[in-house]
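# Structural overview
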Amino acid sequence: MSGSQKVRFKVNGKACEAAVEPRTTLADCLRHDLKLTGTHVGCEHGVCGACTIIADGAAVRSCLIFAVQADGIEITTVEGLSDGDTLSPLQAAFRKHHAIQCGFCTAGILTTAHMLLTEEPDADAERIREVLSGNICRCTGYVQIVEAVLDARASYKTNSKAAQ
Amino acid sequence: MSAARNVYIGQEVERTEDFRFLTGRGTFVDDYEPAGLLHATILRSTIPHGRVISIDASEALKMPGVHAVITASDIGATIPRIPIRLAPIAGLEKYLQPVIAVEKVRYVGEPLAVIVADTRAIGEDAAAEIDVTIEPLAPVSDWRASEADTSLLFEENGSNIATRYTVGFGDTDAIFAGADYTRREFFRSHRHTAVPMETRGVVAEWDAAEGRLIVNGATKVTFFNRRALAAMLQMSEKAIDLMELDVGGGFGVRGEFYPEDFLIPFVSRKLERPVKWIEDRLEHMQAANHSREIDCELEIACRRDGTILALRGKIYGDMGAYTRTNSGVVPAKAGQFLHGPYRIPAIRIEVAAYMTSKTPVGTYRAPGRFESNFFRERLIDMAARDLGIDPVAMRRRNLITAPEMPYSIGQLVPYETETAYDSGDYAAGLDKCLDAFGWAEKIKLQGRKIDGLYHGLGVACFVESGGAGPRENVRMMLEHSGRITVAVGSSVLGQGLETVFAQIAADAMGLPFSTFRIIHGSTTIVDEGFGTYHSRAVVMGGSAILDGAKNLLAQIATAASLQLECRTEDVTFQDGVARGPGGRTLTLADIAAAAGPLSANGTFANTKRTYSYGAHAAHVTVDPRTGRVEVLDYVAVEDVGRAINPALVHGQTFGAVVQGLGGVFLDHIIYDADAQLLNASLADYLLPTASDFPKIRGVTMELHRSPSNPLGAKGAGEGGMVAVAATAGNAVAAALANLKVEPCELPLSPPQLWRLIQQASERSSVGRSTT
Amino acid sequence: MKAPRFEYIRPERLEAATIFLAEHGGEAKVIAGGQSLVPMLAFRLVAPRFLVDIGNIAELKGITTDASGIRLGALTRWRDIERNEQLRRAHPLLAEAIKYVAHYQIRNRGTVGGSLAQADPAAEMPGIAVTCEAEIVVMARDGQRTIPARDFFVGALTTTLRSDEIIAEVRLPPWRPGRRWAFTEFARRRGDFALAGIALFYDTEDGRAINVHAGAIGVADRPVRLPAVEVAINGQPVTEPVIRSAGAAASASVNPADDIHAPGDYRRSLLGVLTERALASAAGLTLKESA
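Residues numbered from 1 in each chain as written. Chains lettered and ligands numbered in written order. Predicted model: local features only at pLDDT ≥ 70, side-chain atom pairs only at ≥ 80, totals over all residues.

## Some thoughts on the overall build of chain A
What chain A contains, in helices and strands, is five helices and five strands. In sequence order, chain A lays out its α and β elements as β-β-α-β-β-β-α-α-α-α. Expected size for 164 residues packed as a compact globule is a radius of gyration near 15 Å; at 16 Å, chain A falls within 12% of this value. Along the longest, intermediate and shortest principal axes, the C-alpha atoms of chain A span 50 × 40 × 25 Å. Counting the 164 residues in chain A, one finds 63% classified as buried. Of the contacts formed within chain A by residues at least 6 apart in sequence, a portion of 59% connects residues at least 24 apart. (Helix = DSSP H or I, 4+ residues; strand = E, 2+ residues; numbered from the N terminus. Rg over C-alpha atoms; globule rule 2.2 N^0.38 Å. Buried ≥ 20, exposed ≤ 12 C-beta atoms within 10 Å, placed from the backbone. Contact = placed C-beta atoms within 7 Å.)

As structure tokens, this is what we get:
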């Protein structure tokens, strides 16, 4: 394709490569070039949070990054949160607390919650709600999502203790 | 042979669907990419009302990667119109939408052309190069402008008023003339809508060799849509498959037949290539159904003791530019549900539907109820205050009682017959709500100003219908593996039906939950399905599963009896094992191995709606200086008859309440006086987020099973929404009662409330200065 | 909502960036965090021929706090400010205001320079810059300019930045110990742009306020100092009557336009309320909120 550039980054631990126009967003590149369709696109203007991924250790909106800007970075998408078919404690908590209805916002909420709890395993309900206010869910009313994230904290505290 | 037991129904079984959503393995329509795909972009009108003079795509067609630009002239001499699916009210059929703009455009967002290109980005580049000449005509911005009929949207119809009718019973005029107390108020519910997180999308694949069309991205009412599409394309229904994938929420708005549901299959067939169209958010705000824009003049007549004697109302429904599939549902239901759960001896409701040059209106969760409950419950509170009666006591006095069931409310909708509330104890629902909420304690705060904030408590009672007929079908198939596939005509939009249906099937057949695999929605699955809408899936689909299970068990008994060489009636079936009189046993896999896969159909037909009911209560504070409202506590109580999976019902309740509170305080589709849509983005259309309404509680009652289906379920999904504006409105009004502010119009945004407070303050200072 | 086509340039050094802009600035847009610019591209509100990504330029990074004040490199992200404990002590007003910026994911990428260049009339960083008399250092091929914040913002989404210039850093004067301060804003939802907001600080001498600085966002086409408020307080002890008259002065001194989010008179009234509440907070008083 004319005007296309090669970009290389690591996604979920694997080296990846794509040829994209500069105007291709990272969200579209992940979904359509790398076929990682777990990340969803809800608005394309940085408001809904469905496209949230983890880039170099920070939760960011992938619809607001052009793929060419992401050259050389390390990305984790929702597909990278589980270990094969084994759900992470955060994912298991979502299931236990019925924190999912249609599933469209789920990937963005998981990546955001994962980074929040990694950074702040003691986050309380108010802080969780504050951070998740950048992820819009139209189905659940957020109650069960917050319960799931609160429940998942324990596993992040264990991890951080283990790391010490 | 029966095997039924109660192990799963009523349990908070974890959802089978969750695994794929948690791991990013769902398949939503944009995830589906057949080989050779082309991408469609819709060129839409930026003018609300005008005559289409020309569309010149010559520059666009020169661009590399552009395959075609389709306009009305490419479709044929007769442009198909989107048919009415529900609520046919005489008159509305004259305002149907053509699948593409023909001689006129009538709303910002109306499709003018379809561009097909290698990528969506190229399609948008091309759209910018298309030269559209439209002669602007005077816009029709609201129902008053519509009524004036000075600018006609459909000259051939002679009027913008699509229909007007009156329903009711009793001699309301006489009663109002003689009543101790009457009050009339004007109320407004504003335009807003569902805004699911996934926008719409269609992938159409035309198979020229077979003459078949496969369309992915369908949902809600796939069988109706297939029938409509076949007629428009002049094809046999059997040659079209509408496939349901994972769906990112619908709330009534997704899944109805829209222009793109014709346009994309049409261009796929024309170009003989698979074509994908994914709606972007800007388009979605312009193109997907809007709702809720209703004005209402409502009057109540009471005895001095608060007994309601009569209601008289006028519903002014802003319909947008066209009647689409939902026809008159919104204003008709707004009229019907004015009655509510109360004993109303006489009622007269006039409903009028006005066409305006705005996006067409359709059903959004609890259509007409959100609005009418607000109107009626606000007026009841106002009457209670005027009469010096406690608003809770006034409701108790007038709520229909359990012994009065079934309670007929007559024919309040022209396209339905007389209807009756089936069962329920409305006072018990109210009591449960007040108790869970802590009303007796919290009422001490009513109207008080503490630390600069006014406190208000509000309550509202509701009744909600569900479980619409006429029928639903399932097919149940025992596979070689011993697993059972259940194919249902119901659609799945996030409600967890894969899990709920498996729970029902598992209990009906006495088998483990994991035995079942649920497939749904696509037209390939059952011969005739009716879909998911009006909270019907569990009632209709679930009841059909009970029938299918019974039929499949009969087949299993017959097949087992042949293998076991005994009489059918001597076979018992328990825990997945068939046992003969001699003690020999067979597993399901054994039976399937010998007899081959077994298959049985199930069906459930019902014309009677179910009626859930309940009450909501809210505690709010209002900052009089800024108009900001904080919801300190909100309790929603609903009797759903039977909750198959309580966690899922709660999830529906929380979601509906938050969505409803958004509809009261945040959501607002804003048009200017020239019918230009001003806020077609999520930055400017405000959806509730996790930090907006943290204190929501739900209580699900299973007090009165529905007598009209074998599950006893009443349908959940909309009950959480129906009473939110009423409850929040009453709470805000109670908070501001001492300031003599009576909110009658939604939304209750900070600037709106601030203005009401300012106006009340000016009125009272004028009053003082003249004494 | 796909962006229009552009060519992507990513200079690794500031010099390369300014040389490119000297030649192509008129057809180029500079991108850093992209949290404001990418939505504008998605809505096709802008269609530059070149997108110049300065996100990798090391010279634009860094936070310095010393006796001469605070210097924030243009690529300082909101997250960097949030996590910098030393900065929070060195400039508590800045740290407080930044808490209101957008959302978690945006804060991980959005930058100080980006916010200043975007010049949204309701944005916190431009409001702090104007209130605190910051200076904005901009670089071009031929050298640098230092622009006082009050001269930088000239209209809605409009600054005096030339198309060949890049914001390099913003400098805030040093913060005096014992200073009283407050920041508050009113938005429909957490993280939304403010309908109105106020930043203020003052020093005290013999129990009276001196050196009062007050600035507002969301009430004009740019962030504005509020001289009427400053005059109402300067030289006075900050008591409730003084606070009330400062609030009234704030309202009277602005004339916000109507827009889809709020009518002008609402914003005007809101500013008065926020001014009172901010001053009460700064002074450590509890106001009697009468009807």
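## So, the interface of chain A and chain B
Taken together, the 43 residues of chain A in the interface contact 43 residues of chain B. Those elements that place two or more of their residues in the side of chain A that touches chain B are α2 (89–96), α3 (106–119), α4 (125–132) and α5 (143–163) of chain A. The element best represented in the side of chain A that touches chain B is α2 of chain A, accounting for four residues.

## Let's talk about the sheet that holds strand β11 (residues 180–186) of chain C
All names here are of chain C. The four strands are arranged β11-β12-β13-β14 in an open sheet whose pairing can be described as antiparallel. At either end of the open sheet lies a strand with only one pairing partner, and these are β11 and β14 (224–225). Sheet strands in contact with helix α8 (residues 124–131) are β12 (196–205), β13 (208–217) and β14, and its direction is about 150° off that of β13. Together, β11, β12 and β13 form the strand contacts of helix α12 (residues 264–283), whose direction differs from that of β12 by roughly 35°. (Pairing = 2+ DSSP bridges. Axes fitted to C-alpha atoms, helices over the stretch in contact; angles between N-to-C directions.)

## Description of the domain arrangement of chain B
Structurally, chain B comprises domain 1 (18–27 + 469–605), domain 2 (37–137 + 194–287), domain 3 (139–193 + 291–399) and domain 4 (420–467 + 608–771). Averaged C-alpha coordinates put domain 1 of chain B and domain 3 of chain B at centres separated by 44 Å. (Domains from an automatic or database assignment.)

## Section: the domain arrangement of chain A
All names here are of chain A. With domains assigned, chain A is organised as domain 1 (5–80) and domain 2 (89–163). Between domain 1 and domain 2, the residue contacts involve 14 residues of the former and eleven residues of the latter. Class assignment for the residues of the side of domain 1 that touches domain 2 results in eight nonpolar, six polar and no charged. (Nonpolar A, V, L, I, M, F, W, Y, C, P; charged D, E, K, R; others polar.)

## Thoughts on the nonpolar core
Nonpolar side chains tend toward joint burial in soluble globular proteins. Judged by nonpolar contacts, the single largest core of 417 residues is most densely connected at Ile-115, Val-486, Ala-505 and Ile-556 of chain B. When residues of this core are assigned to their parent elements, the largest contribution, 15 residues, is made by helix α16 (residues 537–564) of chain B. (Core = buried A, V, L, I, M, F, W, Y, C linked by C-beta atoms within 7 Å.)

## A closer look at the sheet that holds strand β6 (residues 135–140) of chain C
Two strands in a sheet stick together by hydrogen bonds in their backbones, pointing the same way (parallel) or opposite ways (antiparallel). Residues and elements named next belong to chain C. Across the sheet, which stays open at both edges, the five strands sit in the order β4-β5-β10-β6-β7 with antiparallel pairing between neighbours. Edge positions in the sheet fall to β4 (63–66) and β7 (143–148), since each of these pairs with one other strand and no more. The sheet shows a mean angle of 20° between the axes of neighbouring strands, taken without regard to direction. Note: β6 against strand β10 (residues 166–172), five bridges, orientation antiparallel. Paired with Glu-135 across the bridge in β10 is Arg-171. Across the sheet, helix α1 (residues 14–24) lies against β6 and β10, angled at about 75° from β6, the strand it touches most.

## Quick look at the interface of chain C and chain A
Counting from both sides, the interface comprises 24 residues of chain C and, opposite them, 21 residues of chain A. Counting only elements with at least two residues in the side of chain C that touches chain A, the list comes to β1 (7–9), α2 (37–42), β3 (50–53) and α6 (104–107) of chain C. In terms of residue class, the side of chain C that touches chain A is made up of eleven nonpolar, seven polar and six charged.

## Brief notes about the pairing of strand β28 (residues 629–639) of chain B
It is a general feature of regular strands that their side chains alternate between the two faces of the sheet. Residue and element names in this part refer to chain B. Most of β28 sits out of view: eight of its eleven residues are buried. The antiparallel hairpin formed by strand β27 (residues 610–622) and β28 contains six residues in its connecting segment, where Gly-627 sits at a positive phi of about 80°. Relative to strand β29 (residues 696–701), β28 runs parallel, the two sharing six bridges. Bridge assignment links Glu-638 to a residue of β29, and that residue is Thr-700. You can see the chain leave β28, run along helix α18 (residues 646–665) and come back into β29, and the turn it takes is right-handed. (Right-handed = clockwise from strand over helix to strand, strands pointing away.)

## Focus: helix α11 (residues 369–387) of chain B
Residue and element names in this part refer to chain B. Over its 19 residues, α11 extends 26 Å from the first C-alpha to the last, a length consistent with the 27 Å expected when each residue adds 1.5 Å. Among the 19 residues that make up α11, 15 are buried, leaving the element largely enclosed by the rest of the structure. Once α11 ends, the next one or two residues include Gly-388, with phi positive near 70°. (Expected span 1.5 Å × (residues − 1).)

## A word on the environment of Pro-256 of chain C
In this structure, Pro-256 of chain C sits in the loop between α11 (240–252) and α12. Excluding residues within four positions of it along the chain, Pro-256 of chain C makes contact with Val-219, Ala-220, Gly-264, Arg-267 and Arg-268 of chain C.

## Considerations on the packing of α11 of chain C against α12 of chain C
All names here are of chain C. Look at α11 against α12: their axes get within 7 Å of each other, and the N-to-C directions meet at 150°. Accordingly, the angle class assigned to the pair α11 and α12 is roughly antiparallel. Judged by the sense of rotation from one axis to the other, the crossing of α11 with α12 is right-handed. Here Ile-243, Arg-244, Ala-246, Gly-247, Ala-248, Ala-250 and Ser-251 of α11 come into contact with α12, specifically with Arg-268, Ser-269, Leu-271, Gly-272, Val-273, Thr-275, Glu-276, Leu-279 and Ala-280. (Parallel < 35°, antiparallel > 145°, perpendicular 65-115°, else oblique. Left-handed = near helix turned anticlockwise from the far one by under 90°.)

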